[in-house]
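Structural characterization, general
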Amino acid sequence: MGSSHSPNDRSACVNFDSFPSFKETWKTSLIDSAPALHDEFPDYHVSDPEASLVSSSNVRSFHLGTGASIYTQLLIPAIIGAKYEVILVTCFWAPSPTLSALKEALEKLAENRRRRILASGPDTDVLPALKIRICFSSRSLFQKLFHTWSRDGYVYPPSAWSKRLGLPSPEVLEAGRIDLRVKSLFFLPFSVMHPKFLIVDRERAFLPSCNVSWEVWLEGCVEITGDAVSGLVEFYRQVWDKQLQGQLTTQVDLHNESAKPPSLDELGLTSVMNPVNLYDTLLSRSSTPTVLLPSSHHQNPRFDPVPWHDNPSPPPTPLNYAILQLLDIAKHFIYMQTPNLTSAAVIDRLLEALQRGVNVAIVTSKGLMLLEQLVTAGTTTSLCLRSLIRRYRKLEAKQSRHGSDQVIDVEAQRPQLGFLTIDYFRPDPEREVDCIEDQTAEEPVQSHLKLTLVDGEYVVLGSGNMDRASWFTSQELGIMFHSKEIATAVGTAVGNVISGRRESVFSSATASNIVEQELIQDDTRSEPQV
């Protein structure tokens, strides 16, 4: 291969501010598609996507771990530190160590608040009510089959909180002046509300990839402050709570010791540990261009039983269009980590990028949610990977036939084929044994992280997978950052974690170490927490 493909040669990278061009093309494409959009949920962004979705943020941290470790080390401490309001949105809700930890934290928080209220005497205003809103989509097959189709969803009565949802009783919460509401949304046949986020006091927000569930998978979570948090609040309002007040009522006197939220230690709460705990803080030294990327659910999966027909185009949502455009403008390197890969549109765009000379690395999971893949996509990740490899080998053979002319034919713009590596995530065998012996830590057995990095300057995280369900039927929410600093930090953290946790599926002859060389820029950026 020519020198332009050297992993250490950045001449192929975009060397100008490409974000304004990206933003304009993305916005124009969405506006052009608006007349064809009907019944989007949410639809507040359709007429003016830039004003609704483009803002800025300060990326405060990026965390890698399992679902239980992310909740106990990051999300639950943020919840108990809230002064006024907690908004927790997830997709799946199931009995699990995560749910048990959340219940314990809320019970101890309620008891702590009850004692402080009693100690304050008649001046009960010293500790105003803490609003907690919990939203989810899927709890069981029975729940989904008989769920209301109304966009108002189903609000669980207090009598169901403890018995059906594994939450504290209403008596415990009321004693601590905790105002809880729990709501679910689901639309048959496949339309889960897949976004996952936590908003605390409308000042801080977290976007994890994990659910409140039992799986021991590799997960990620990004924490932000700044204007993008207001955008996330608006997304919540449009989907989950149309009656949400525009402003929080803030009356806590922070100089009063009895009004300050308790710490994790004060409540006696513990954390779940695992060997992949990585935690980067203060990733951005300045405000970062940020785009919230919602994707409406669609009840029609648009299946076509005729195998020789072209695949239908995915719905024109902000998230779908952003991913497709990033793959189109990539000039050097695409890194994609996804639980599953069954979206034909994504696979086609990756092949087009490879033909332009862009290097592509894919990390996915082996045999994850097979039944769900067959039902929602009519295929599986392994079958789609075989097709991708077969098509790539045809391109390699075509390039080989052209021989050396391919390198020097500049006027014909025939660049060399980009490198391709595909890996399955697997647990580290040695650390897995250590975790079994230790019995207090978890080694992730699959990857549930959703991450796209493009040219070392675009980062997309959130709930969206690169599978057909996310692209056609599920409601999703992604977040995109345009920042080389954040891309380097996230790429380095992920590269360190997957090193030693990859099972090779396919690798171009000269691409053996491209993932480590492209992702891990500075080994000192992320340090394991113990």
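About the criteria used
Residues numbered from 1 in each chain as written. Predicted model: local features only at pLDDT ≥ 70, side-chain atom pairs only at ≥ 80, totals over all residues. Heavy atoms only, no water. Helix = DSSP H or I, 4+ residues; strand = E, 2+ residues; numbered from the N terminus. Buried < 20%, exposed > 50% of the residue type's maximum accessible area, 1.4 Å probe, protein only. Contact = heavy atoms within 4.5 Å. Areas by Shrake-Rupley, 256 points an atom, 1.4 Å probe, with all protein chains shown as cover. Salt bridge = Lys/Arg side-chain N within 4 Å of Asp/Glu carboxyl O. Arc of directions from axis to C-beta. pLDDT = per-residue confidence, 0-100. Phe/Tyr/Trp six-rings, centres within 6.5 Å; stacked < 30°, edge-to-face > 60°.

Remarks on the overall build of the protein chain
The helix and strand inventory of the protein chain stands at 18 helices and 20 strands. The 530 residues of the protein chain split such that 57% are buried. For the protein chain, the share of sequence-separated contacts (at least 6 apart) that also reach a separation of at least 24 residues comes to 82%. Accessible area of the protein chain: about 22,200 Å², with a carbon and sulfur share of 51%.

Topic: the pattern of salt bridges
In the structure shown here, the tally under the stated rule is 18 salt bridges. Between E111 and R114 there is a salt bridge, with its nearest N and O atoms 2.8 Å apart. Within this pair, E111 and its partner R114 are both found in helix α4 (residues 97–119), separated by three residues, close to a single helical turn. Taking relative accessible area as the criterion, R114 reaches 29% and is therefore assigned partly exposed. Residue R133 pairs with D179 through a salt bridge whose shortest N-O separation is 3.2 Å. With R133 in strand β3 (residues 130–136) and D179 in strand β5 (residues 178–184), the pair connects residues that are 46 residues apart, well separated along the chain. Residue classification places R133 among the buried residues on the basis of a relative accessible area of 13%.

Some points on helix α12 (residues 370–377)
For α12, every residue scored as buried is listed here: Q373, T376 and A377. The buried residues of α12 all sit within an arc of 85 degrees when viewed along its axis, so they share a single face. Where the residues of α12 are buried, they touch α13 (381–402) and α16 (468–472).

Observations concerning the confidence of the model for the protein chain
Predicted confidence across the protein chain gives a mean pLDDT of 87, with 85% of residues reaching 70 or more. Note on residues 1–15: pLDDT under 50 across the span, and 32 contacts to partners over four residues away in sequence or across chains. In this model, residues 522–530 is a region of pLDDT below 50 whose contacts with residues beyond four sequence positions or in other chains number 21 contacts.

Some thoughts on the packing of aromatic side chains
Summed over the entire model, instances satisfying the criterion amount to nine aromatic pairs. Between F19 and F22, the ring centres sit 6.3 Å apart and the planes meet at 20 degrees, which makes this aromatic pair stacked. Of the two residues, F19 and F22 are both situated in helix α1 (residues 19–33); the distance of three residues between them amounts to about one turn of the helix. Of the two residues examined, F19 and F22, each falls in the buried class. Ring plane angle 80 degrees and centroid distance 5.6 Å describe the contact between Y392 and F506, whose orientation is recorded as edge-to-face. One end of the pair, Y392, is in helix α13; the other, F506, is in strand β20 (residues 502–507), with 114 residues separating them in the sequence. Each member of the pair, Y392 as well as F506, carries the same accessibility label: buried. An aromatic cluster of at least three residues, connected via ring pairs, comprises W93, F136, Y154 and Y156.

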